[in-house]
Amino acid sequence: PLYRVRGSHITLWCKVSGYQGPAEQNFQWSIYLPSAPEREVQIVSTVDPSFPYAIYTQRVRSRGIYVERVQGDAVLLHITELQDRDAGEYECHTPNTDERYFGSYSAKTNLSVIADTLSASMAPQILTHTEGDAVELTCEVSKSTAQHTHLSVGWYHLQEAGDRRAEEVLTFSKDFVLRPGPSYVQRFLAGDVRLNKVGNTTYKLSIGGVELSDRGQLYCEAAEWIEDPDETWKDISHKQTERTSLAVMSRDLSMDITAAESSLSEGDTLQLNCTVGAQKSSSRHFQVLWLLNGMELARVDPHGILIWQEEYEERAKLGHLQAFKQSNTVYVLTIYEVGLKDNGMYHCSVSEVKTPGDIHSIQTKLSSGIQVNVKPIESHMRLSVSTSTPQVMAGDALVLLCEVQGATSPVSVRWWHLPPQHPGPRVLVATMERDGTLSLGDAYRDSRTRGSLRLEKASSGAFTLVIPNTLDEGDSGRYGCKVTEWSRGQSWTEEGETAVTVSLGLHATLTSRIATVKYGQSFELVCQVSASYTLEEVPASVGWLFQPSPPTGHYHELVRVFPSGTVAWGAAQPRFQGKAQLTKAATSFRLRIRNAAAADEGTYQCEVEVWRKNTLPLGQPAATTRSNAVGIKLVLPESKLRVATKESSVETVSGADTAIECRIMFAQNNSQFAITWYLLPPPLADATPLQILRADYSSILEYGADFSSPAQKSRFLSQRVSSNVFWLRILSANPGDQGRYYCVVEEWLWLVDGWYKLGEGASGSTMLEFKLPGKQMLEKTNRSVSAREGEEVTLHCLLQGAHLPAAHLSATWFRGEESRHVRPLLTLRHDGAIEYPMESLARRLHLRRPTTGDFSLTLRSVEEGDAGVYHCQVQEWQQQSEGTEWALQALACSGYTRLTTTPPGNAAGCEGQLTPHQFPLSHTGMGGTITAALCWQCWLRWQECRGAGRTC
């Protein structure tokens with residue numbers, strides 16, 4: 001049989017020959033177990049993935065067992081980790097690929113699994129020697145295998161700690177032959193490198209004179225061999241020892257740095273040895289510097305005095321750093337509890353001086369570097385928080401459990417509570433420090449409230465918190481456990497929490513039939529109380545709480561009814577006592593408030609307290625609960641106010657009295673009104689409304705800033721003509737009063753405790769215009785005019801009738817509508833001078849004056865941007881006597897003219913396409929002779945009509 005060691009990676013080979021089929025043959029592996037030697041158990045196949053039985057499926061899928069094809073007709077079966085159950089008779093079968101059977105298509109072999117008894121050990125050391133010194137290392141190797149096996153023992157050398165390929169020094173083979181490595185052949189033949197067995201299990205490597213190339217790490221490796229049935233020897237187990245660091249100094253001045261371990265975890269201890277190699281070192285003087293990443297940490301002078309760099313002094317004082325001179329050639333740096341900041345490349349540098357105080361060095365040597373890697377410590381702590389009492393009645397005990405797993409160092413535990421109604425900071429319940437010291441939070445120190453809290457460590461990872469006597473619903477919420485693990489100056493924290501519900505067995509619900517109440521109405525609040533016991537059998541009190549709107553931050557107690565029937569009214573809201581009514585029916589408590597006013601708007605709650613039976617005096621209630629909050633909002637009666645909004649105009653002459661009307665169409669019967677009159681002076685669109693005066697609901701007058709002079713107050717009066725009609729009287733009106741007037745009406749009503757504004761409305765505007773004297777009249781017809789770009793167009797402004805000889809006229813042309821920005825284009829002053837507010841248009845504007853009353857404007861070289869609405873304003877000025885100022889007597893505005901522009905050539909095209917005979921004379925009332933301009937205007941209207949989807 002084949003013998004192989006448990007846990008090793010083994011292979012079984014299988015080869016087929018003499019076949020006539022394809023070059024690549026398939027193989028199937030099975031086993032006959034000792035427990036059932038006649039039953040085949042299929043393991044793996046090169047052709048059928050479903051071939052393995054269930055006990056081997058997972059190992060085949062994970063490649064714990066697999067087949068390696070060496071060539072088309074030869075394979076190796078791999079078992080990567082041999083188990084005891086793998087012992088048995090293995091069969092390799094190759095399915096026939098020929099037309100006939102020519103021989104044996106399967107082969108078998110027995111496999112026995114034996115224990116791995118091989119051991120090899122060597123104590124790790126840090127050795128420092130000078131070239132030529134003798135070195136001896138011993139290795140203990142043993143086995144207790146029942147089968148006949150041989151041992152091989154070898155020594156191997158690594159130049160650097162991170163090297164993966166070791167160099168063979170000398171091996172005692174399984175055939176009892178000494179075999180040196182390639183680099184040690186000559187030294188072996190010369191007898192300088194020897195290996196001796198000095199006992200049953202002890203093997204000694206001797207190096208007569210170490211060389212510089214021997215520096216590095218040395219270790220011993222043992223192998224156990226067994227003879228297979230084919231008489232070949234197979235290694236079935238290998239073991240390596242720990243490593244010994246060997247530093248070899250040159251006989252000249254040299255430096256070597258070594259570390260017992262250069263890959264560390266946070267908190268470990270790092271020890272570095274710096275060895276000075278020199279002949280007759282005892283009579284020489286050295287100064288040694290320790291360097292990290294090229295920066296000095298510390299130095300040791302020839303007298304052994306240590307000097308730390310400033311940034312390392314504090315750690316040295318705390319005992320975390322140590323450096324000293326062990327001998328004249330050996331210097332030691334030790335870092336206790338290393339951290340991530342200690343990662344890096346370490347060197348030591350030696351300087352030789354003639355005398356200890358000499359500052360000039362004879363020679364300086366820098367050692368090779370050693371890379372130190374510090375890995376952060378990781379915590380594998382996990383915790384869970386639970387409770388055996390997730391729902392408890394007030395007064396019962398609450399038991400909480402915090403279970404900690406994976407912690408390898410001492411832990412501290414903090415319990416906290418987050419009440420359900422307070423999402424603020426968490427409340428500390430209790431603390432257990434690492435040393436077992438207990439402390440309670442401020443809210444839990446008084447044992448008279450919740451009893452004596454118990455915080456216990458039930459086992460190494462189980463902590464329990466017991467609150468013997470829960471108070472009320474305030475003890476509900478989330479309870480959390482915060483565990484902190486401490487190790488080597490670091491800490492890791494885990495938290496968990498669980499929910500707990502504490503029931504009072506008492507609940508109150510507040511309702512109201514109406515949440516929105518009109519002024520003067522009554523409203524009622526119903527507090528319905530439910531309990532897990534008969535409420536009538538225990539003393540109970542009901543309090544009514546109120547928070548005004550807007551909130552002031554806390555509730556005021558309006559009234560409280562005690563178990564004895566005593567009623568206590570709160571001092572904060574004394575007005576409630578005269579308008580509130582309290583009633584009770586079984587477990588229903590009612591608060592009725594009559595004649596609601598603004599001060600009654602806010603949020604209401606009821607609070608119920610109960611005591612245990614037969615407890616006199618009452619003292620602390622056994623349970624207290626507050627209801628939900630119910631908001632009561634007061635609203636004003638709906639305003640019915642409607643003010644006439646029709647636009648109108650009033651025409652007067654300078655010096656006459658006139659009146660502007662403000663009419664209320666509908667309002668409440670008992671309402672009072674405040675009237676505010678406004679003026680929109682011209683130009684109307686750009687003007688800011690000016691407040692003339694306001695008469696409040698008590699008829700008190702208040703004039704606006706622009707009408708507060710005594711002269712203005714005497715001319716503008718507000719008069720109530722009837723219950724729903726108000727006039728603004730303007731005495732001795734003058735052209736300066738021209739503009740649009742309107743009123744704003746406010747509706748006021750007396751409700752319970754004062755006057756309240758229900759609403760307001762604005763009237764339509766009334767245009768106040770001044771007639772020109774005599775029979776003069778400015779044409780007010782609205783027109784539309786079209787012009788081609790590049791041509792000129794005339795906009796008409798005609799004053800009809802004769803004017804007074806002593807009067808002078810002025811005129812201004814505007815562009816824009818009331819709803820848009822109105823800009824003056826040209827002004828003809830009463831003295832004949834012309835002003836151009838827009839200088840860019842001056843060359844294209846021409847004021848025609850064929851007659852005295854003709855102020856028509858000609859616009860030359862029409863552009864696309866000239867399209868818009870135009871109108872003119874004519875003013876009449878008179879001089880009362882020679883040498884006096886000219887005074888404005890009257891003014892009037894013309895109708896609006898809308899100018900549209902068309903690209904060059906369009907009108908001609910239209911004229912060529914339409915003739916009077918083809919044109920529908922009934923179209924929009926147009927008829928008669930059709931000019932090109934009229935034709936173009938009509939065509940535009942027809943296009944607009946068609947675009948609107950109408951029949952045109």
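Look above for the structure.
The structure reproduced in this document is the subject of the present report. (Residues numbered from 1 in each chain as written. Predicted model: local features only at pLDDT ≥ 70, side-chain atom pairs only at ≥ 80, totals over all residues. Heavy atoms only, no water.)

1. Focus on the overall build of the chain
- Secondary structure summary: the chain contains seven helices and 74 strands in total.
- Over its C-alpha trace the chain gives a radius of gyration of 56 Å, far above what one expects of a compact globule, namely 30 Å for 952 residues.
- Pairs at least 24 apart in sequence give 60% of the contacts found in the chain among residues at least 6 apart.
- Both charge centroids of the chain, one from 89 positive and one from 105 negative side chains, sit 7 Å from each other. (Helix = DSSP H or I, 4+ residues; strand = E, 2+ residues; numbered from the N terminus. Rg over C-alpha atoms; globule rule 2.2 N^0.38 Å. Contact = heavy atoms within 4.5 Å. Lys, Arg positive; Asp, Glu negative; His and termini not counted. Charge placed at Lys NZ, Arg CZ, Asp CG, Glu CD.)

2. Describing the sheet that holds strand β31 (residues 382-387)
- Spatially, the four strands line up as an open sheet ordered β31-β33-β38-β37, and their pairing is antiparallel. Both outer strands of the open sheet, β31 and β37 (454-459), are each paired with one neighbouring strand and no more. Each strand axis lies, on average, 20° off the axis of its neighbour in the sheet, ignoring direction.
- Bridge analysis of β31 against strand β33 (residues 398-405) gives six bridges, and the strand direction is antiparallel. Paired with Arg-382 across the two strands is Gln-405, which belongs to β33. (Pairing = 2+ DSSP bridges. Axes fitted to C-alpha atoms, helices over the stretch in contact; angles between N-to-C directions.)

3. Focus: the pattern of salt bridges
- Under the definition given, this model contains 37 salt bridges.
- A salt bridge links Arg-187 to Glu-211, with the shortest nitrogen-to-oxygen separation between them at 3.6 Å. Of this pair, Arg-187 sits in helix α2 (residues 185-189) while Glu-211 is found in the loop between β16 (202-207) and β17 (216-227), placing the two residues 24 residues apart along the sequence.
- Assessed through its relative accessible area of 11%, Arg-187 is described here as buried.
- Here Glu-746 ties to Arg-694 by a salt bridge, and the two come within 2.7 Å at their closest N and O atoms. Pair noted here: Glu-746 is in strand β60 (residues 739-751) and Arg-694 is in strand β56 (residues 690-695), with a separation of 52 residues, a long-range link. (Salt bridge = Lys/Arg side-chain N within 4 Å of Asp/Glu carboxyl O. Buried < 20%, exposed > 50% of the residue type's maximum accessible area, 1.4 Å probe, protein only.)

4. Here's the deal with the side chain of Glu-168
- Tracing the chain through its elements places Glu-168 in strand β13 (residues 167-172).
- Residue Glu-168 is classed as buried on the basis of its relative accessible area of 18%.
- With near-sequence residues (within four places) excluded, Glu-168 lies in contact with Trp-155, Tyr-156, Arg-179, Gly-181 and Tyr-184.

5. Brief notes about the environment of Arg-4
- Position of Arg-4 relative to the elements: it lies in strand β1 (residues 2-5).
- For Arg-4, a relative accessible area of 6% corresponds to the buried category.
- Among residues more than four places away in sequence, those in contact with Arg-4 are Ile-10, Leu-82, Leu-111, Ser-112, Val-113, Ile-114, Ile-226, Asp-228, Lys-234 and Ile-236.
- A polar contact of 2.9 Å, which involves the side chain of Arg-4, links it to the side chain of Asp-228. (Polar contact = N/O pair within 3.5 Å; in protein donor to acceptor, adjacent residues only side chain to side chain.)

6. Points about helix α3 (residues 310-317)
- Among the residues of α3, those classed as buried are Tyr-312, Arg-315 and Ala-316. Relative to the axis of α3, the buried residues are bounded by an arc of 100° and lie together on one face. Among the exposed residues of α3, those pointing more than 90 degrees away from its buried face are Glu-310 and Lys-317.
- The inward-facing, buried residues of α3 abut β23 (285-292), β24 (295-300), β25 (306-308), β26 (321-325) and β27 (330-335).
- A positive backbone phi angle near 85° is found at Gly-319, which sits one or two residues after α3. (Arc of directions from axis to C-beta.)

7. Details of the nonpolar core
- Core analysis: the largest hydrophobic core is formed by 34 residues, its most contacted members being Leu-525, Cys-527, Trp-544 and Tyr-604.
- Those residues within four positions of Cys-527 in sequence are excluded, and the remaining contacts are Ala-508, Thr-509, Leu-510, Trp-544, Thr-587, Ser-588, Phe-589, Cys-606 and Val-608.
- The next biggest cluster of nonpolar side chains, apart from the first, holds 32 residues, and it includes Trp-308, Tyr-331, Val-338 and Cys-348. (Core = buried A, V, L, I, M, F, W, Y, C linked by side-chain atoms within 4.5 Å.)

8. Re the packing of aromatic side chains
- This model, assessed by the stated rule, comprises 12 aromatic pairs.
- Residues Phe-172 and Phe-176 carry aromatic rings whose centres are separated by 6.3 Å and whose planes lie at 50° to one another, so their mutual orientation is tilted.
- Judged by relative accessible area, Phe-176 falls into the exposed class, the value being 55%.
- Chaining the aromatic ring pairs together yields one cluster made of Phe-523, Phe-546, Phe-576 and Tyr-604.
- The ring of Tyr-66 carries Arg-63 above its face, with NZ or CZ at 4.1 Å from the centroid.
- One Lys or Arg, Lys-174, reaches over the ring of Trp-225 and ends 4.5 Å from the middle of that ring. (Phe/Tyr/Trp six-rings, centres within 6.5 Å; stacked < 30°, edge-to-face > 60°. Lys NZ or Arg CZ within 6 Å of the ring centre and 35° of its normal.)

9. Thoughts on the pairing of strand β74 (residues 897-902)
- Inspection of the sheet shows strand β64 (residues 783-788) paired to β74 by six bridges, in the parallel sense. If you follow Ser-786 over to β74, its bridge partner there is Thr-900.

10. Structural notes on the sheet that holds strand β6 (residues 74-79)
- Pairing is antiparallel in the open sheet, where three strands are placed in the order β2-β6-β5. Strand pairing shows two members of the sheet lacking a second neighbour, β2 (10-15) and β5 (65-71), which therefore form its edges. Each strand axis lies, on average, 25° off the axis of its neighbour in the sheet, ignoring direction.

11. Section: the pairing of strand β54 (residues 658-666)
- In this sheet, β54 lies alongside strand β52 (residues 642-643) in antiparallel orientation, the contact comprising two bridges. By the bridge assignment for β54, Arg-642 is matched with Phe-666.
- Alignment of β54 against strand β59 (residues 725-730), held across six bridges, turns out to be antiparallel. If you follow Arg-663 over to β59, its bridge partner there is Val-725.

12. Considerations on a negative patch on the surface
- On the surface, a cluster of negative charge is contributed by Glu-310, Glu-311, Glu-313 and Glu-314.
- Within the fold, Glu-310 resides in helix α3.
- Among the residues examined, Glu-310 registers a relative accessible area of 66% and is labelled exposed. (Patch = residues over 30% accessible without salt bridge, like charges linked within 9 Å, V, L, I, M, F, W, Y side chains within 5 Å. Areas by Shrake-Rupley, 256 points an atom, 1.4 Å probe, with all protein chains shown as cover.)

That is the geometry; function is a separate question.
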